[in-house]
Amino acid sequence: MGKYLRYITANTDTEEQSFPVTKAFNTHIEELNLDVLLQKADNLRMNECSKLESFELLCDHKEKFRDEIEFIWRLARAYGDMYELSTNAQEKKHYANVGKTLGERAITRAPTNGHCHLWYAVLCGYVSEFEGLQNKINYGHRFKEHLDKAIQFLPEEPFLYYLKGRYCYTVSKLSWIEKKMAATLFGKIPSSTVEEALQNFLKVEELHPGFSKSNYLFLAKCYIDLEQTDNAVKFCNLAVLLPCVTKEDTDAQREVKKITSSLKR
């Protein structure tokens with residue numbers, strides 16, 4: 001049984017679709033007003049080791065603030081955090097589905113809130129990991145649609161350009177059969193280029209220098225594809241200088257080292 005499974009309730013993914021019910025974790029709940037609660041949850045989330053505590057805090061106050069948009073999108077985000085923290089496939093699928101349901105509620109209630117679109121897009125991406133090719137493409141289309149809306153409402157948020165860069169990079173590598181299926185579903189072939197991906201990753205660096213190891217990794221990958229080895233080496237070197245805080249950082253570090261070794265040959 002996975003480390004986080006004790007936080008999954010008896011509810012199935014189809015129950016309480018409008019707002020999944022999770023039991024309160026702490027029997028003695030400190031009464032907080034909304035602003036204080038949100039600030040506390042955001043502060044806890046800044047440390048990787050406190051993301052679970054942030055998730056629990058929000059779940060403990062769900063009944064009180066279930067209709068507050070600023071609460072709903074944060075709870076959706078917290079389910080995304082739990083997806084990232086878990087290593088068990090059953091748990092990950094649960095967290096992704098519950099989070100996506102919350103995200104749907106958030107964008108319906110607040111269609112001009114960029115954070116709602118951002119986390120709905122992210123959770124669609126997580127849910128797609130458990131789907132077949134057709135649904136993966138479907139969720140990819142939804143991901144891009146809501147990512148673009150989030151950028152419209154939050155044009156200075158670097159994380160959005162990192163996600164768009166990842167999307168463009170992935171689309172630029174799609175196989176013929178994947179493009180054909182997407183064209184059948186949506187009437188047009190999704191298209192993007194490594195150059196477009198690169199511009200988004202550079203935008204991240206412009207808005208927030210040293211944003212993440214992963215952004216530097218993908219800058220390096222883009223420059224390798226574009227046969228600009230000097231720039232690829234430069235961003236690999238910058239990536240190594242950043243500390244490893246998250247699992248994503250550790251994975252990125254490993255890949256950067258492989259790339260660096262291959263470039264030295």
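Not measured: the values here are computed from a predicted model.

Enquirer: Tell me about the environment of Lys-144, and please be specific about residues and values.
Expert: Mapped onto the fold, Lys-144 is located in helix α7 (residues 133–153). Overall, Lys-144 belongs to the partly exposed group, its relative accessible area being 22%. Each C-alpha atom of the pair Lys-144 and Lys-164 lies 7.6 Å from the other, and the pair is 20 residues apart in sequence. Residues in contact with Lys-144, not counting those within four places in the same chain, are Lys-164 and Tyr-167.

Enquirer: Account for helix α8 (residues 158–172), naming residues and giving values.
Expert: Helix length check: α8 (15 residues) gives 21 Å between terminal C-alpha atoms against 21 Å at 1.5 Å per residue, within 8%. Counting buried positions over the 15 residues of α8 gives eleven, a clear majority of the element. Buried within α8 are the following residues: Pro-158, Leu-160, Tyr-161, Tyr-162, Leu-163, Lys-164, Gly-165, Tyr-167, Cys-168, Tyr-169 and Val-171. On its buried side, α8 packs onto α6 (114–128), α7, α9 (176–186), α10 (194–207), α11 (213–225) and α13 (247–264). Backbone nitrogen of Phe-159 and a side-chain oxygen of the N-cap are separated by 3.0 Å at the start of α8; the cap is Glu-157.

Enquirer: Hey, could you go over the confidence of the model for the chain for me, with residue numbers and the actual values?
Expert: Confidence in the prediction for the chain averages 89 pLDDT; 89% of positions are at 70 or higher. The model gives residues 1–19 a pLDDT under 50, and that stretch makes 38 contacts with residues more than four places away or in other chains.

Enquirer: Now, about the packing of aromatic side chains: what can you tell me, with residues and values included?
Expert: Under the criterion given, the structure shown has 14 aromatic pairs. Taking the centre distance of 4.0 Å and the plane angle of 15 degrees together, the rings of Tyr-83 and Tyr-126 count as stacked. Of the two residues, Tyr-83 sits in helix α4 (residues 69–85) while Tyr-126 sits in helix α6, which places them 43 residues apart along the sequence. Per residue, the accessibility class of Tyr-83 equals that of Tyr-126, and both read buried. For the ring pair Trp-119 and Phe-159, a centre distance of 5.8 Å and an interplane angle of 35 degrees mean the geometry is tilted. Taken together, the residues span a long stretch of sequence, with Trp-119 in helix α6 and Phe-159 in helix α8 at a distance of 40 residues. Through a chain of ring-to-ring contacts, the aromatic side chains of Trp-119, Phe-159, Tyr-162, Tyr-169, Phe-201 and Phe-218 assemble into a single cluster. Over the aromatic face of Tyr-83 sits the side chain of Lys-92, whose NZ or CZ is 4.3 Å from the ring centroid. Geometry around Tyr-161 places Lys-203 over its ring, the cationic atom sitting 5.6 Å from the centre.

Each value, and the rule that gives it
Residues numbered from 1 in each chain as written. Predicted model: local features only at pLDDT ≥ 70, side-chain atom pairs only at ≥ 80, totals over all residues. Heavy atoms only, no water. Helix = DSSP H or I, 4+ residues; strand = E, 2+ residues; numbered from the N terminus. Buried < 20%, exposed > 50% of the residue type's maximum accessible area, 1.4 Å probe, protein only. Contact = heavy atoms within 4.5 Å. Expected span 1.5 Å × (residues − 1). Polar contact = N/O pair within 3.5 Å; in protein donor to acceptor, adjacent residues only side chain to side chain. pLDDT = per-residue confidence, 0-100. Phe/Tyr/Trp six-rings, centres within 6.5 Å; stacked < 30°, edge-to-face > 60°. Lys NZ or Arg CZ within 6 Å of the ring centre and 35° of its normal.

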